[in-house]
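Below are the chains, spelled out letter by letter.
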Amino acid sequence: MIELNDIVVKFPQKGHVVTAVNHVSLAVDDGSMYGIVGFSGAGKSTLVRVMNLLQKPTSGSVIVNGTDLIALSERALRKERRNIGMIFQHFNLMESRTIFDNVDFPLKGSGISKVERRQRIEKLLDLVGILEKKDAYPYQLSGGQKQRVAIARALATDPKILLCDEATSALDPKTTIAVLQLLKEINDRLGITIVIITHEMQVVKEICDHVAVMEEGKIIERGEVADIFSNPQKPLTQDFIRTAGHIDQAETTILEHVAGEDVYELRFSGSRASEPILIDIYKRFGLTANILYANVEYLQNKPLGTMLVTFDSSDQLGEVEQHLQQDGISMSKVVR
Amino acid sequence: MFGSFMEHYFPYASQMGSDFTQATEETVLMTVSAMIIAGVIGLIIGILLLLTGSRGLSPNAPLYWVLDQIVNIGRSIPFIILLAIIMPFTRLIVGTSIGTTAVTVPIVVGTIPFFARQVQNALLEVDPGVVEAAQAMGLGNLAIVFRVYLKEGLISLVRSVNFTIINLIGLTAMAGAVGGGGLGATALQEGYQRGRTDVTFVAMILILIFVFLTQIIGNALLRLIAHGRA
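This structure is a prediction, so every number in the text was calculated from the model and none was measured.

Chemist: Account for the layout of surface pockets, naming residues and giving values.
Modeler: A volume near 1,200 Å³ is recorded for the largest pocket. Forming the boundary of the largest pocket are 38 residues, of which Leu54 of chain A together with Ser54, Arg55, Gly56 and Gln135 of chain B lie nearest the centre. Put simply, the parts of the chain that give the lining of the largest pocket at least two residues each are β1 (2-13), α1 (44-51) and α2 (74-81) of chain A together with α2 (17-52), α6 (100-124), α7 (128-136) and α8 (141-152) of chain B. Counting residues per element, the lining of the largest pocket draws most heavily on α7 of chain B, which supplies five residues. Per-class residue counts for the lining of the largest pocket are 17 nonpolar, 13 polar and eight charged. Its boundaries defined by the atoms lining it, the second largest pocket holds a volume of some 490 Å³.

Structure below.
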């Protein structure tokens, strides 16, 4: 369990102070996969560094697994950090050490016997699927392989939490999916809490169960991934969701074809995704909807539907919207 | 055949075989001992500069400023002037101001700031991300210095040592001008001042061989620790 309470991080710069994190409180439950999404400069990388106190907050408290990190001595904090693994955008492997020695790095001097260390390292390298490279050096590996090594290294000390700072941002889409699947597997099999910092909503959609959206040092929206995706409140969240779906590309083409008509976007989740919404609208309001685009995706096994439609009349649209709202379906006019 | 060639072209140098052997030994001795002493002190100062710098692990602006100024000033004093200025200090430590042991003192003093800056720059090349990863793993500053900086920066450090040794050889030659020993003294006193060009020439060749050997050994060492990276 990670609890951040009213965290503020300020950086003094020449002549002024930059507030990177502005009164953020956040709770991440054990075993959760929590995504924190935002554009660069939103403060998300600073926020994740507060979780292991690589960044000391200007004010606020950091409680990890029941321990108040700020109250700890330097020595006790270093010990506590061994329970919090971290991986990075640029992997940060030691170039002068073999893959095996990289994973061994956090274990050296921990009092564990050499034989036991070897067993653990080989098990971890096997888990991340890179055991055959154990005697290679990092420069001989691809980006995806390097991140696998970094994950093995982060897990070496048996942490309860894994922090991922833009861990897939330097990887190509296919490798990104593979690394995300690995993280998901680690979460499932080892029960490790994973916090994922990213600027790609696709990453959140792929594996997270919770998400927080950050803008200018604040969390502007948060919740379960399925809820946020089906009913995003803030424009920035809506933007992020668009970039994560296929709808963004589809929209431009569709709008070109129906120039002059009003297009509406319907979003629905859960059981509603399997119900005949449009027939319902026809029966109640006598409106015919023309489907331009429709898609159902599954997030954490919950269906999430998106539709772009035009109506043959705009008379009762206000009531339609209200009716849909009651059923948990959001309707909005697509702005051209 | 070779003997007569030597006698013809190197009339004086060919008579000085044992002098050259002794001078070479002195040069090697001065270089190696100065490198070891200046190496240890320079390494410590270089690491302190790294740690106390604004982006270091333990920023300390006043200490950094002092060290930085010492290094800057030390590097700015021309060696030939340092030789003269430092003489009372030399006499204080080694009891004399002439001879091989005596000139080792100014050579060490002249090399410390040079090497300290090299160490600082070499270690600054270590990826800050790797240092951050080590911090995240719970390593303390001292462990990071030894297990991350010195290990990951080893290639740059070896290059710095190599470069410093070659610079040192130059200093030992200059020290010959003020009563030091070694090949520099031979070249200046036995060769130049007596108009025996062949002696100067042979001393120069021996110094060049020493420099080349240093480079060859340094490069071999680099290949050994680079594991195909460099």
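Chemist: Requested: an account of the sheet that holds strand β5 (residues 67-68) of chain A, with residues and values cited.
Modeler: By way of backbone hydrogen bonds, the strands of a sheet pair with one another, either parallel or antiparallel. Residue and element names in this part refer to chain A. The sheet built from four strands is open, its strands ordered β2-β1-β4-β5 with antiparallel pairing. This sheet does not close on itself; its edge strands, each paired only once, are β2 (16-28) and β5. Examined bridge by bridge, strand β4 (residues 59-64) and β5 share two bridges and lie antiparallel to one another. Its bridge partner being in β5, Ile63 is matched across the sheet by Asp68.

Chemist: Break down the confidence of the model for chain B for me, with residues and values.
Modeler: Detailed reading of the predicted model is not advised wherever pLDDT is low. On average, residues of chain B score 89 in pLDDT, and 98% of them are at 70 or above. Reported confidence for the predicted complex is 0.84 by ipTM and 0.85 by pTM.

Chemist: Before we move on, could you go through the pairing of strand β10 (residues 218-224) of chain A and cite the residues and values that matter?
Modeler: All names here are of chain A. Note: strand β9 (residues 210-215) against β10, six bridges, orientation antiparallel. By the bridge assignment for β10, Val211 is matched with Gly223. In sequence, β9 turns back onto β10 through a hairpin of two residues, with Glu216 there showing a positive phi of about 45 degrees.

Chemist: Tell me about the interface of chain A and chain B, and please be specific about residues and values.
Modeler: With 21 residues of chain A at the interface, the matching set in chain B holds 19 residues. Summed over both sides, the interface of chain A with chain B buries roughly 1,900 Å², with 55% coming from carbon and sulfur. Between the two partners, chain A and chain B, sit two salt bridges. A salt bridge links Glu132 of chain B to Arg49 of chain A; its shortest N-O distance comes to 2.5 Å. Applying the counting criterion to the chain A and chain B interface returns eight residue pairs in polar contact (both at pLDDT 80 or more). Residue assignment for the side of chain A that touches chain B shows that the elements contributing at least two residues are α2 and β6 (84-87) of chain A. When the residues that make up the side of chain A that touches chain B are grouped by side-chain class, the tally is ten nonpolar, three polar and eight charged.

Scoring rules and cut-offs
- In this numbering scheme, every chain counts its residues from 1 along its sequence in written order.
- The lettering of chains begins at A and the numbering of ligands begins at 1, in the order of writing.
- Given that this is a predicted model, residues contribute local features only at a pLDDT of at least 70 and side-chain atom pairs are listed and counted only at 80 or more, while totals for whole chains, interfaces and linings are drawn from all residues.
- Computation of side-chain values: all heavy atoms of the structure, hydrogens and water removed.
- Definitions used throughout: a 1 Å grid over protein atoms alone; a cavity as a set of points that fits a 1.4 Å probe which cannot get out; a pocket as an open set with protein on both sides within 12 Å along at least five of seven lines; a lining residue as one with an atom within 4 Å of a point.
- Grid points are joined across faces, edges and corners, and a volume is the space filled by probe spheres set on the points.
- Numbered from the N terminus, helices here are DSSP runs of H or I no shorter than four residues, and strands are runs of E no shorter than two.
- Residues are sorted three ways: Asp, Glu, Lys and Arg are charged, Ala, Val, Leu, Ile, Met, Phe, Trp, Tyr, Cys and Pro are nonpolar, and all the rest, Gly among them, are polar.
- For two strands to be treated as a pair, DSSP must find at least two bridges joining them.
- Across the chain, each position has a pLDDT score giving the predictor's confidence in that residue, from 0 to 100.
- Note on contacts: a residue pair qualifies if any of its non-hydrogen atoms lie within 4.5 Å across the two residues.
- Buried area, as used here, totals the accessible surface that two parts lose on assembly, with accessibility defined by a 1.4 Å probe and the loss added over both.
- Salt bridges are counted wherever a side-chain nitrogen of Lys or Arg sits within 4 Å of a carboxyl oxygen of Asp or Glu.
- Pairing of N or O atoms within 3.5 Å defines a polar contact, subject to two protein rules: one partner must be a possible hydrogen donor and the other a possible acceptor, and residues neighboring in sequence count only if both atoms are side-chain atoms.

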